Amino acid sequence: VPKYWKVYSDADLKVSEWIIDLKNRVTQLNKVSSEKDLGKSNLWLGGIIFPEAYLTATRQYVAQKLKTSLDELILTISFPKEKPTSLENNEFVISGLNLESAEWNYDTDRLLMSDKLYSTLQYVIFKWIRISEK
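Residues numbered from 1 in each chain as written. Predicted model: local features only at pLDDT ≥ 70, side-chain atom pairs only at ≥ 80, totals over all residues. Heavy atoms only, no water.

*Asks:* Before we go on, may I ask you to explain the packing of aromatic side chains in this structure?
*Replies:* By convention here, two paired aromatic rings are described through the distance between centres and the angle between planes. What the rule picks out here adds up to two aromatic pairs. Centre to centre, the rings of Tyr61 and Phe92 are 6.0 Å apart; their planes meet at 75 degrees, and the pair counts as edge-to-face. Highlighted residues: Tyr61 in helix α2 (residues 51-66) and Phe92 in strand β3 (residues 91-105), separated in sequence by 31 residues. Owing to a relative accessible area of 31%, Tyr61 belongs among the partly exposed residues under this scheme. Pairing Phe79 with Trp104 gives two aromatic rings, centres 4.4 Å apart and planes at 45 degrees, and the pair type is tilted. Of the two residues, Phe79 is situated in the loop between β2 (73-78) and β3 and Trp104 in strand β3; the sequence distance between them amounts to 25 residues. Over the aromatic face of Phe92 sits the side chain of Lys40, whose NZ or CZ is 5.0 Å from the ring centroid. (Phe/Tyr/Trp six-rings, centres within 6.5 Å; stacked < 30°, edge-to-face > 60°. Helix = DSSP H or I, 4+ residues; strand = E, 2+ residues; numbered from the N terminus. Buried < 20%, exposed > 50% of the residue type's maximum accessible area, 1.4 Å probe, protein only. Lys NZ or Arg CZ within 6 Å of the ring centre and 35° of its normal.)

See the structure below:
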């Protein structure tokens, strides 16, 4: 690519890596668009363009379901060993997140320091609850 075409900075990816990433993103888009829950039961957060917008949308969704203001909601997270079979209206399953320099001990439900560069979390449940329920 000529240097004068490179107006914007880009990731230093090989073409094969970029194609695999694009394929994974398109696969997720097809999966989410065909599901009734629109990804509520399992979403790869890193595979969407604006993950912060997704989190905002989940907060707005829960606020509307609970008929409460956005300011009354806080985000809690949990780390199940396996993918949950049923979800409440205020829960969303996220996959593909990593912990850096730590790992989650599923037996004790505690965060442990680790010499590993990162450890992958199978599933994370994001749950919006009212502050008063905390």
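*Asks:* What exactly am I supposed to notice about the nonpolar core here?
*Replies:* Soluble globular proteins: nonpolar side chains tend toward being buried together. One finds Leu43, Leu45, Tyr54, Ile94 and Leu121 to be the most contacted residues of the largest nonpolar core, which totals 16 residues. In contact with Leu43, not counting residues within four places along its chain, are Gln28, Val32, Ile48, Tyr54, Val93, Ile94 and Ser95. (Core = buried A, V, L, I, M, F, W, Y, C linked by side-chain atoms within 4.5 Å. Contact = heavy atoms within 4.5 Å.)

*Asks:* Sorry, what's going on with the sheet that holds strand β4 (residues 110-130) here?
*Replies:* Strand pairs in the sheet, formed through backbone hydrogen bonds, run parallel or antiparallel to each other. Overall, mixed pairing links the four strands, which are arranged β1-β3-β4-β2 in an open sheet. If you trace the sheet from one side to the other, it starts and ends with β1 (43-44) and β2, each paired once. Inspection of the sheet shows β1 paired to β3 by two bridges, in the parallel sense. Paired with Leu43 across the bridge in β3 is Ile94. (Pairing = 2+ DSSP bridges.)

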